[in-house]
Amino acid sequence: MEIIVNCKHEDVMRAAKSLRDGHLVAFPTETVYGLGADATNKEAVRRIYSVKGRPLGHPVIVHISSINVVNRWAEEIPEYARNLAAKFWPGPMTLILKRSELAKDFITGGQNFVGLRVPSNPLSIALLKEFELIGGLGIAAPSANRFGAISPTSAEAVMDELSKHLSSNDLILDDGICTIGIESTIIDCTQALPRILRPGGVKEEEISQLTELDQSRKISISEIKAPGQLLSHYSPKAKVSIGELAGAGDGFLAFQGIPTPPGAIRLASPSSITEYAKEFYQALRSGDSLKLTRIVVVPPEDNGLGVAIRNRLEKMLF
Ligand code: TXA
Ligand code: MG
């Protein structure tokens, strides 16, 4: 496995060819780093599962370069989904849509629905465009972490997670730290009204300005398989607590204005909710590298990006 920094056009071309040849390319998006494979290559997509240690049968998001190619992968796209795509793509939003024939069972986990996203990070778009120029149709990419661990927001974090499992022909494209830092908002667009399955980078407040949302039905794991909705997902090794007093030797994560309790180890001091999201996973990771056993988090309020952060925190408490 090779890590490429300061990617130039020739590096992007090389990465696109690597994907076409069936290798894996970890690449940055504005949310988190993804572990990419040619979304039409069953063997390559299977390797994603073995590198991540992810059980087979979980669906993976297909990344595409623009809304113009959405019809390759999806059919019967509701008008509200088109409006969402027009407004929030490229960006941190994944739409679950009725699949086309191109979206095979190894992508959708055997469901009739496919998850699609147009990322906005310029390097990811360059890679998607270059891949399409040489005949690629989309890049399948879950977050580039081992199954059950938190998503990587830097190339170093991808290395920590996956270097032991990647092969010599796989690549990691380094583009620094992800600007958003928390995964995309996933919206089920298979019913009469859209429904948020995973809160993320696009806020519910922004979505409901555009379309009515289905708030009535609770998310059911059996209905739509999303491992991110299983309990105890996205966890660091340290035990995460909220609302408790941090003691000596505990990690501590809170907004800048909140003082560090005596003896606790400050992991981040974000000064805004945007910074909080951007630093969140990295702060938890640094707690793990310091071998802390407990990290006390003072969560943000339950609105905007805070909803996504609290959603991830809840899954860490089990
Ligand atoms: O921000 C993101 O979404 C990142 C970047 C790399 O794009 N990707 C990401 O992928 O978080 P992953 O696999 O770690 O989480 C995506 C979630 C999973 O829980 C998966 O089960 C769900 O999306 N998902 C993907 N396709 C689906 C489908 N067809 N139906 C239901 N859920 C789906
Ligand atoms: Mg993930």
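For clarity, every value in this text was computed on a predicted model and none was experimentally measured.

Parameters and conventions
Residues numbered from 1 in each chain as written. Chains lettered and ligands numbered in written order. Predicted model: local features only at pLDDT ≥ 70, side-chain atom pairs only at ≥ 80, totals over all residues. Heavy atoms only, no water. Helix = DSSP H or I, 4+ residues; strand = E, 2+ residues; numbered from the N terminus. Rg over C-alpha atoms; globule rule 2.2 N^0.38 Å. Areas by Shrake-Rupley, 256 points an atom, 1.4 Å probe, with all protein chains shown as cover. Lys, Arg positive; Asp, Glu negative; His and termini not counted. Charge placed at Lys NZ, Arg CZ, Asp CG, Glu CD. Pairing = 2+ DSSP bridges. Contact = heavy atoms within 4.5 Å. Axes fitted to C-alpha atoms, helices over the stretch in contact; angles between N-to-C directions. Core = buried A, V, L, I, M, F, W, Y, C linked by side-chain atoms within 4.5 Å. Buried < 20%, exposed > 50% of the residue type's maximum accessible area, 1.4 Å probe, protein only. Expected span 1.5 Å × (residues − 1). Polar contact = N/O pair within 3.5 Å; in protein donor to acceptor, adjacent residues only side chain to side chain. Salt bridge = Lys/Arg side-chain N within 4 Å of Asp/Glu carboxyl O. pLDDT = per-residue confidence, 0-100. Arc of directions from axis to C-beta.

### Quick word on the overall build of the chain
Okay, so step 1: Across its full length, the chain carries ten helices and 14 strands.
Okay, so step 2: Its C-alpha radius of gyration of 19 Å places the chain within 12% of the 20 Å reference for a compact globule of 318 residues.
Okay, so step 3: Each principal axis of the C-alpha distribution contributes one length, and for the chain these read about 60 × 50 × 30 Å.
Okay, so step 4: Of the roughly 13,500 Å² of accessible surface on the chain, 52% is carried by carbon and sulfur atoms.
Okay, so step 5: Taking the 35 positively charged and 36 negatively charged side chains of the chain as two groups, their mean positions are separated by 4 Å.

### Quick notes on the sheet that holds strand β10 (residues 195-198)
Strands belonging to one sheet form pairs held by backbone hydrogen bonds; the direction of such a pair is parallel or antiparallel.
Okay, so step 1: A sheet is described by the order of its strands in space; here ten strands give the open sequence β1-β8-β2-β3-β7-β4-β6-β5-β9-β10, paired in mixed fashion. Taken across any chain shown, the strands that pair with only one partner, and hence form the sheet edges, are β1 (2-4) and β10.
Okay, so step 2: With two bridges connecting them, strand β2 (residues 25-27) and strand β8 (residues 171-173) associate as parallel partners. Paired with A26 across the two strands is I172, which belongs to β8.
Okay, so step 3: Docked against the sheet, helix α1 (residues 9-20) engages β1, β2, β3 (34-38), β7 (139-140) and β8, running at close to 140° with respect to β8.

### Quick look at the nonpolar core
Okay, so step 1: If you look at the biggest cluster of nonpolar residues, it comprises 49 residues, and the most contacted ones within it are L35, L84, L95, L97, I107 and L116.
Okay, so step 2: When near neighbours in sequence (up to four residues on either side) are disregarded, I107 contacts A39, V45, P59, V60, V62, V114 and A140.
Okay, so step 3: Among the nonpolar cores identified, the runner-up in size contains 24 residues, and Y276, A283, V297 and L313 belong to it.

### Digging into helix α6 (residues 122-133)
Okay, so step 1: End to end, α6 covers 16 Å across twelve residues, agreeing with the expected 16 Å (1.5 Å per residue, within 8%).
Okay, so step 2: Residues L123, S124, I125, L127, L128, E130 and F131 constitute the buried set of α6.
Okay, so step 3: Against α1, β2, β3, β4 (62-63), β7 and β8 lie the buried residues of α6.
Okay, so step 4: Sitting at the amino-terminal end of α6 is N121, which places a side-chain oxygen 2.8 Å from the backbone nitrogen of L123.
Okay, so step 5: Where α6 terminates, the next one or two residues include G135, which has phi positive at roughly 100°.

### Section: the pattern of salt bridges
Okay, so step 1: Counted under the stated rule, the structure contains 14 salt bridges.
Okay, so step 2: Overlapping salt bridges bring together E75, E76 and K98 as one network.

### Digging into the sheet that holds strand β14 (residues 294-297)
Okay, so step 1: In space, the four strands of this open sheet follow the order β11-β14-β12-β13, with parallel pairing throughout. Bordering the open sheet on either side are β11 (239-242) and β13 (265-268), each of which pairs with just one other strand. If you compare each strand with its neighbour and ignore which way they point, the axes differ by 30° on average.
Okay, so step 2: Across three bridges, the pairing between strand β12 (residues 251-253) and β13 is parallel. Note that in β13 the partner of F252 across the bridge is R266.
Okay, so step 3: Here helix α9 (residues 273-289) sits on the sheet and contacts β11, β12, β13 and β14; the angle it forms with β13, its principal contact strand, is near 140°.

### A word on the confidence of the model for the chain
Okay, so step 1: Confidence along the chain averages 94 in pLDDT terms, with 95% of residues attaining 70 or more.
Okay, so step 2: The low-confidence segment residues 220-227 (pLDDT under 50) makes 18 contacts with residues lying over four places distant or belonging to another chain.

### What about helix α7 (residues 155-162)?
Okay, so step 1: Restricting attention to buried positions, one finds in α7 the residues A155, A157, V158, E161 and L162. All buried residues of α7 project into a common sector of 155° when viewed along the axis, lining one side. Projecting away from the buried face of α7 at angles above 90 degrees are the exposed residues E156 and D160.
Okay, so step 2: Its buried side turned inward, α7 meets β1, β2, β3, α2 (42-52), β8 and α9.

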